[in-house]
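These are the residues of each chain, in order.
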Amino acid sequence: MTTIKKISKKTIVKLALLASIVLTISCSNGTLTDSMDSLTEGDNLKVKSGSWGTPTTVANFDAFSGQLPESIAIDQFGNIYISMSPLREIWKLNSAGSFEKVVASFSLETGLFGINGLRFDPRGNLYVAISSTLPEMNGVWKINSDGEKERVAGTGNILLPNDVSVLPNGTLYITDSAMGAVWRCKPRGEAGLWIQNVALEGTGAIGLGVPIGANGIVVTFANKIALADNIAQNQTGGVIIANTEKGQLVYVPILPDESAGEPIVMIADPSALFGLDGITLDARGNIYGAVNYASSIVRISRDGYNLSEVVSGAPLDFPTSLAFGTGRTNHTLFIVNFGVIHFLSEPPMPDDANPAVISIRIDH
């Protein structure tokens, strides 16, 4: 593991600017659009036939009311949870996409960003990564079934918490996009830096004032991934991390003592993967990723050798997170359109934004 690199005060100031970037959006709950129409293949839509179906709109949202969903998680009953980042809220939708309630809200700075990755643990607790310049809010928060919130110990030290993955035993792995790092927190323990490495560092290419490196994260086990002879035989599992600005996937073995092994770049393809954000696994261990700047969903085989495009173009609009359903929908991939890029363009063009939940049937 590489030596920890300290972040300068100048960088922390830049991070503060990122948290309150560019625009203020009204924090009205607004009205959820009821559209459940199935979208047909159009001029901007590319679908690889034979492996996956046509994208379908599950829920539409009102961009002008700040309804821009950044992350998604599915509970064991098929309900859909999304982080409405500009509203500082987490919403629950039923499996058909209809709004049910606001699960939690957070007192953060006004801006477009702040509420990031969502993930359930086996007991039904929902974890959310919060990036904030407010010391008392920054970190990973656990929300129980009653809506009660508590911050996970030690996660306030993470510079830019972006996504979280949860093991069956409750251990958390959390990406720190600004530090190019992954933090770990064992049950009833305190979060600590697990690995910081150049393979997880961003380049600053997006231009937000801080590098955006390690982002989407999933934890897998040895029998779910095969990287030929690149992986040490003494690994007990591994962590897969998306590096947004480098356009690559990185695999970090979990060694028997639970420390991080030497990172391996599974695939690096900046032309196809620049903007790679949230990632998830199918039942066979293949990786699906949301590439926000390309408005595409990609599939990377579990050995890292094969990259294919699942779908791109409309109705996708700056997708940032995705998750497979549960139960009867476990072959359905759910995707959120953040749509934020239209608010950051010059001039801003919010009329073009399509914040939504999209679903695609996947044949594993």
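Because the structure is predicted, anything quoted here is derived from the model rather than measured.

Student: Sorry, what's going on with the pattern of salt bridges here?
Tutor: Pairing between side chains of opposite charge can happen when their charged atoms approach one another. Under the defined criterion, the tally for this structure stands at five salt bridges. The salt bridge involving K142 is made with E150; its shortest N-O contact spans 3.7 Å. Note that K186 and E258 form a salt bridge whose closest N and O atoms lie 3.0 Å from each other. Taken together, the residues span a long stretch of sequence, with K186 in the loop between β13 (181-185) and β14 (192-196) and E258 in the loop between β17 (248-254) and β18 (264-268) at a distance of 72 residues. Taking the relative accessible area as the measure of exposure, K186 reaches 41% and is therefore partly exposed. Judged by its relative accessible area of 32%, E258 falls in the partly exposed class.

Student: Quick question: what am I supposed to make of the sheet that holds β18 here?
Tutor: The sheet built from four strands is open, its strands ordered β15-β16-β17-β18 with antiparallel pairing. Strands with a single pairing partner mark the edges of an open sheet, and in this sheet they are β15 (214-221) and β18. Within this sheet the neighbouring strands show an average axis-to-axis angle of 20°, counted without direction. Where strand β16 (residues 237-243) lies against β17, seven bridges are found, and the strand directions are antiparallel. When the bridges of β17 are listed, A242 appears paired with L249.

Scoring rules and cut-offs
Residues numbered from 1 in each chain as written. Predicted model: local features only at pLDDT ≥ 70, side-chain atom pairs only at ≥ 80, totals over all residues. Heavy atoms only, no water. Salt bridge = Lys/Arg side-chain N within 4 Å of Asp/Glu carboxyl O. Helix = DSSP H or I, 4+ residues; strand = E, 2+ residues; numbered from the N terminus. Buried < 20%, exposed > 50% of the residue type's maximum accessible area, 1.4 Å probe, protein only. Pairing = 2+ DSSP bridges. Axes fitted to C-alpha atoms, helices over the stretch in contact; angles between N-to-C directions.

So yeah, pure geometry; function would need other evidence.
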